[in-house]
Amino acid sequence: MDESVKAFMEKVIERNPGEKEFHQAVQEVVESIMPYIEKNPKYKKAKILERIIEPERTIMFRVPWVDDTGDIQVNRGYRVEFNSAIGPYKGGLRFHPSVTLSILKFLGFEQIFKNSLTGLPLGGGKGGSDFNARGKSDMEIMRFCQSFMMELYRHVGPNTDVPAGDIGVGGREIGYLYGMYKKLRNEFTGVLTGKGANWGGSLIRPEATGFGGVYFVQEMLKTKNETLKGKTVTLSGFGNVAWGAALKLEQLGAKVVTLSGPDGYIYDKDGVKGDKINYLLDMRASNNDRVEDYAKKYKVPFYPGKRPWDVKCDIAMPCATQNELDETDAKTLIKNGCKLIAEVSNMGCTAEAAKLATEKIMFAPGKAINAGGVAVSGLEMTQNSMRLRWTSEEVDKQLHQIMTTIHDSCVKYGRISKDKIDYIKGANIAGFVKVADAMLDQGVV
Ligand code: 2IT
């Protein structure tokens, strides 16, 4: 590791003890940015790097709620308001038992650069709770969401901080959160994105992360004069992101052969297509967090306790959670002929896996390839401000344009030779420059 990166990381680790995921996310960015900063001393002088890794504000709170048996449950809630240099804090809420401050700081930090890449005026933030929806009733989920918003409402607002969904937070949860916000503030306003389509939500928002990811893959393939037609794709996850990706991949003539959950993965040799794709939504709504149901329903093999990365494919798209694809998995994929790993989940690949894939095949980092979700959230905010609604064609057209522009930015800052693009470097530098320049303009705040 470069000496200046090493010295910087030592301080980060000392000041943020035990926050492994946050260290990993910072290191990846700093490795890309450090050489750029050395060449542009204005950033160094203004201590932009030291400032950008410190959240502007971190809120932690108690979330008490009453379960169906009348027992009191206590969860912990968070909102990390990381950076508002280019717009109001923007980023999802994650409800999952694995949520810690480290996880939300890594996600909030990534969100700064991702949101900058979209070209829209969006700052970076992230929040959530260690709430586990598995086995909970709909009314328990509602009471939890209401309690969460009873505290969060005083920290957010349409021009301050605009949360959205992430793992464990979809249309249903956004609805319950929004209802409580509206009751407390007596205001109908665009404080959350991912709202229902008939009460301020944008068309294409549910599909946006998956669609955007596939548009980005199309652009990557174009640089090699290839298309998605006839390609075999392995997906992990079965939630909102995997659903959107599967829909678009089918439309463009690719075949999705795997899905996965915490319980294992399914292999569908005929392809996850047609009605089978919408079955993902039923699995998500069941609160069971299980993909085996797909195998039972469609009579395909299920591999318990395993991840789908030993299945032969042209393209692998992790769509589930952080660090779900490691160096061994990347080696297996490459050995089996995989030509492209698209990290649609946030930090879905370990640092070693991402480096190997960048070197040997093609690799796209989450902050570039999954930016379509937050991009359409930005478009939802625009529609809310203008009090109007765009058609799905209009939103989809803008999403496509944004993903193409992000790809162009990655190429601009990440091209390392005639036929090699380092998308990690490209995305990090392109995302950084805009935020850093805004921080310079706004002084030491
Ligand atoms: O990781 C992400 O970009 C999201 N969960 C979506 C954030 C948003 O504000 O739409």
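Rules of the game
- Residues numbered from 1 in each chain as written.
- Predicted model: local features only at pLDDT ≥ 70, side-chain atom pairs only at ≥ 80, totals over all residues.
- Heavy atoms only, no water.
- Axes fitted to C-alpha atoms, helices over the stretch in contact; angles between N-to-C directions.
- Helix = DSSP H or I, 4+ residues; strand = E, 2+ residues; numbered from the N terminus.
- Parallel < 35°, antiparallel > 145°, perpendicular 65-115°, else oblique.
- Left-handed = near helix turned anticlockwise from the far one by under 90°.
- Contact = heavy atoms within 4.5 Å.
- Pairing = 2+ DSSP bridges.
- Phe/Tyr/Trp six-rings, centres within 6.5 Å; stacked < 30°, edge-to-face > 60°.
- Buried < 20%, exposed > 50% of the residue type's maximum accessible area, 1.4 Å probe, protein only.
- Disulfide = S-S within 2.5 Å.
- Near = heavy atom within 4 Å.
- Polar contact = N/O pair within 3.5 Å; in protein donor to acceptor, adjacent residues only side chain to side chain.
- Areas by Shrake-Rupley, 256 points an atom, 1.4 Å probe, with all protein chains shown as cover.
- Nonpolar A, V, L, I, M, F, W, Y, C, P; charged D, E, K, R; others polar.

Undergrad: Could you give me a rundown of the packing of helix 15 (residues 371-386) against helix 16 (residues 392-414), with the residues and numbers involved?
TA: Helix packing for two helices is described by the angle between their axes and how far apart those axes are. Put simply, helix 15 and helix 16 touch, their axes get as near as 10 Å, and they point 130° apart. Our classification of the angle between helix 15 and helix 16 gives oblique. In this structure, the crossing between helix 15 and helix 16 has a hand that is right-handed. Note on element contacts: helix 16 touches helix 15 through Val395, Gln398, Leu399, Ile402, Met403 and Ile406, opposite Ala371, Gly372, Ala375, Val376, Leu379 and Gln383.

Undergrad: Outline the sheet that holds strand 1 (residues 57-66), listing residues and values.
TA: In spatial order, the strands read 1-2-4-3-5; together these five strands make up an open sheet with mixed pairing. Looking at the sheet topology across the chains shown, the edges are occupied by strand 1 and strand 5 (161-164). Averaged over all pairs of adjacent strands, the angle between their axes in this sheet comes to 20°, without regard to strand direction. Relative to strand 5, strand 3 (residues 89-95) runs parallel, the two being bridged by four bridges. Residue pairing in the sheet places Gly92 in a bridge with Ala164 of strand 5.

Undergrad: Explain the packing of aromatic side chains residue by residue, including any values.
TA: Overall, the coordinates contain 22 aromatic pairs when judged by the stated rule. Ring plane angle 55° and centroid distance 5.8 Å describe the contact between Phe82 and Phe109, whose orientation is recorded as tilted. Of this pair, Phe82 sits in strand 2 (residues 72-83) while Phe109 sits in helix 5 (residues 101-117), placing them 27 residues apart in sequence. On the basis of relative accessibility, which here comes to 1%, the residue Phe82 falls in the buried class. Under the relative-accessibility criterion, Phe109 is labelled buried at 1%. An angle of 80° between the planes, with centres 6.4 Å apart, marks the rings of Phe95 and Phe131 as edge-to-face. Here Phe95, found in strand 3, pairs with Phe131, found in the loop between strand 4 (124-129) and helix 6 (138-152); they are 36 residues apart in sequence, far enough to count as distant. The class of Phe95 is buried, set by a relative accessible area of 5%.

Undergrad: Outline unusual backbone geometry, supporting the account with residue identities and numerical values.
TA: In this structure, Asp289 is a non-glycine residue whose phi angle is positive, near 55°. Its location among the elements puts Asp289 in the loop between helix 10 (275-285) and helix 11 (292-298). With a phi close to 50°, Met347 is a non-glycine residue in the positive phi region. Mapping Met347 onto the fold places it in the loop between strand 11 (340-342) and helix 13 (351-360). With a relative accessible area of 4%, Met347 lands in the buried category.

Undergrad: I'd like a rundown of the state of the cysteines, residues and numbers included.
TA: In this structure the tally under the stated criterion is zero disulfides. The structure places no disulfide on Cys313, whose sulfur is separated from the nearest cysteine sulfur, that of Cys338, by 4.1 Å.

Undergrad: Please set out the sheet that holds strand 11 residue by residue, giving values where relevant.
TA: Read across the sheet, seven strands follow the order 9-8-7-6-10-11-12 without closing on themselves; strand pairing throughout is mixed. With one partner strand each, in any of the chains shown, strand 9 (302-304) and strand 12 (362-364) form the two edges of the open sheet. Across the sheet, the axes of successive neighbouring strands diverge by a mean angle of 15°, strand direction being ignored.

Undergrad: How would you sum up the side chain of Asp293? Please name residues and give values.
TA: Along the chain, Asp293 falls in helix 11. Taking relative accessible area as the criterion, Asp293 reaches 14% and is therefore assigned buried. In this view, Asp293 contacts Tyr279, Met283 and Asn288; residues no more than four positions away in its chain are not counted.

Undergrad: Requested: an account of the environment of Ile266, with residues and values cited.
TA: By the element assignment, Ile266 lies in strand 8 (residues 264-267). Residue class for Ile266 comes out buried when judged on its relative accessible area of 0%. Sequence separation between Ile266 and Ser137 is 129 residues; the distance between their C-alpha atoms is 26 Å. If we ignore the near neighbours within four places in the chain, the residues touching Ile266 are Val257, Thr258, Leu259, Val291, Tyr294, Ala295, Val300, Pro301 and Phe302.

Undergrad: Give a description of the site of the ligand that names residues and reports values.
TA: In the region of the ligand, 14 residues are neighbours, and Lys90, Lys114, Asp166, Arg205 and Ser377 sit closest. Within the side chain of Asp166, a nitrogen or oxygen atom sits 2.9 Å from a nitrogen atom of the ligand. In the model, an oxygen atom of the ligand is placed 2.9 Å from a nitrogen or oxygen of the Arg205 side chain. Across the complex, the protein chains shield 94% of the 300 Å² of accessible surface that the ligand would expose by itself. Among the residues forming the shell around the ligand, the class breakdown is two nonpolar, seven polar and five charged.

None of this, on its own, says anything about what the molecule does.
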